[in-house]
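Inside the fold
This is what each chain is made of:
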Amino acid sequence: MRLSERMARLGTETAFDVLVRARALEAQGREIVHLEIGEPDFDTPPHITAAAIEALKGGATHYGPSAGIPELREAVAEDSTRRRGVKATPEMVVVTPGAKPIMFFVILALVDPGDEVLYPNPGFPIYESMIRYIGGVPVPVRLREEKGFDLDVDQLCDKLGPRTRLVILNYPHNPTGGGIPEAGLRAIADAAARHGVPVLSDEIYGRILYDTVHASIAAMPGMEPLAIVLDGFSKTYAMTGWRLGYGVMPAPMAQVVAKLQTNSTSCTATFSQKAAVVALRGDQSSVERMVAEFRRRRDAIVEGLRTVPGVQCVRPSGAFYVFPNITGTGYSSRALADRLLEEAGVACLSGTAFGEFGEGHLRFSYANSMENIEEALGRMRRLLARSR
Ligand code: PLP
């Protein structure tokens, strides 16, 4: 079949490819430590699963409204108002199967061929993939290790100009765990408001923060008509396989995004949405326990990596990833990631899976047991000692 020209511009998310390669090695009898895929290793809290089962038994097995069931839109609006300090209403909420479609829909809705979109690089690969796919011009805002991978706000504001159609932010950040200080958010909000440019704020890791409290750009002055918040249930409630996410945005934009949903997936599974209401309104102690455990693992993996010859590691302030600098090992990122998988049985991602400025780094997800993290560090040390 002859593919459309635009398909040549579509990228991918390497984590899924590495997972397939790791599983193939496992099928040959190899033991692999999985530090590649970005998902909590915890089970979904039982009260949420129970709510989904109840919903299924109660007949929540039919189509629902494209924008989401009213109870969930209301619960998301309440949560957003409380946590972000914005005045969110149910009309501003669109529920999607996972948060990823919010990226897809928003970029599709706002960007014309030739329009510039600012996005973090290294960064979640789907941003650049989607910008290119639509025919937009990706303008990377380079994240720098010497700044602890916090967003370089001056660089972003310098690049924001008359051709900018959208700014994408992500904090806490995948793959570096970096953030954006509140003063930085304020400066970005000022610049975006001055130019009338919408901001897509990917806050999917907003509750997985160790040292600070999350602030949202949506709450900054001037952002009300311009902020689109992306969030979801995958990471906070260990619900990756449920496919549940949402966007909170000005109500007219929510209608546009809901229309894109009508044209693609129709709606998000109704029984999942019923469970999501319970996730938001029910007991939050499982989230606190998970974050406390991630903090312990962050400290262990950072300390462990710092003792590996040739490796340096910034301590991330959020999410569940580390992005160590491996240039001292003499390997390129891709070569070391490949050898770690094939020879040492440690699945991780090359920094270049997150864009050109990821070279010189690897990404490890520490959403795995302490025991497996220690095992992976030991395997890495031995591989590097062998190849000296
Ligand atoms: N945004 C970022 C930065 C992510 O890392 C991910 C998943 O890895 C997502 C959004 C999408 O999450 P989901 O579609 O599982 O809700």
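Residues numbered from 1 in each chain as written. Predicted model: local features only at pLDDT ≥ 70, side-chain atom pairs only at ≥ 80, totals over all residues. Heavy atoms only, no water.

**Examining a positive patch on the surface**
Together, R142, R144, K147 and K159 line one region of the surface with positive charge. Looking at the element boundaries, R142 is found in strand β4 (residues 137-142). A relative accessible area of 31% means that R142 is categorised as partly exposed. (Patch = residues over 30% accessible without salt bridge, like charges linked within 9 Å, V, L, I, M, F, W, Y side chains within 5 Å. Areas by Shrake-Rupley, 256 points an atom, 1.4 Å probe, with all protein chains shown as cover. Salt bridge = Lys/Arg side-chain N within 4 Å of Asp/Glu carboxyl O. Lys, Arg positive; Asp, Glu negative; His and termini not counted. Charge placed at Lys NZ, Arg CZ, Asp CG, Glu CD. Helix = DSSP H or I, 4+ residues; strand = E, 2+ residues; numbered from the N terminus. Buried < 20%, exposed > 50% of the residue type's maximum accessible area, 1.4 Å probe, protein only.)

**Considering the pairing of strand β12 (residues 362-365)**
Residues L362 and F364 of β12 are buried on one face, and the alternating residues R363 and S365, pointing to the opposite face, are buried as well. Where strand β9 (residues 321-322) and β12 come together, two bridges link them in antiparallel fashion. Pairing of V322 across the sheet is with F364, part of β12. Across two bridges, strand β11 (residues 349-350) lies against β12 in antiparallel orientation. Paired with L349 across the two strands is R363, which belongs to β12. (Pairing = 2+ DSSP bridges.)

**Structural notes on the domain arrangement of the protein**
When its domains are assigned, the protein resolves into domain 1 (5-44 + 285-387) and domain 2 (61-281). Look at where the C-alpha atoms of domain 1 and domain 2 centre, and you get two points 25 Å apart. If you look at the interface, domain 1 gives 40 residues, while domain 2 gives 40 residues. Of the roughly 3400 Å² buried at the junction of domain 1 and domain 2 (both faces included), carbon and sulfur atoms supply 59%. Summed over the three residues of domain 1 that lose the most area to domain 2, namely S317, F354 and F357, the buried surface amounts to 19% of that side. Our count for the contact surface shared by domain 1 and domain 2 stands at three salt bridges. For K100, the salt bridge goes to E13, with nearest N and O atoms at 2.6 Å. Elements with a minimum of two residues in the side of domain 1 that touches domain 2: α10 (285-306) and β9. A per-element tally of the side of domain 1 that touches domain 2 places α10 first, with six residues. The residue makeup of the side of domain 1 that touches domain 2, split by class, is 20 nonpolar, 11 polar and nine charged. (Domains from an automatic or database assignment. Contact = heavy atoms within 4.5 Å. Buried area = accessible area lost by both parts, 1.4 Å probe. Nonpolar A, V, L, I, M, F, W, Y, C, P; charged D, E, K, R; others polar.)

**A short note on the sheet that holds strand β6 (residues 199-202)**
Pairing in this open sheet of seven strands is mixed, and the strands run β2-β8-β7-β6-β5-β3-β4 from one edge to the other. Each edge of the open sheet is held by one strand with a lone partner, namely β2 (93-96) and β4. The sheet shows a mean angle of 20° between the axes of neighbouring strands, direction not considered. Relative to β6, strand β5 (residues 164-170) runs parallel, the two being bridged by four bridges. Of the residues in β6, the one forming a bridge with L169 is S201. Across the sheet, helix α5 (residues 125-134) lies against β3 (116-121), β4, β5 and β6, angled at about 160° from β3, the strand it touches most. (Axes fitted to C-alpha atoms, helices over the stretch in contact; angles between N-to-C directions.)

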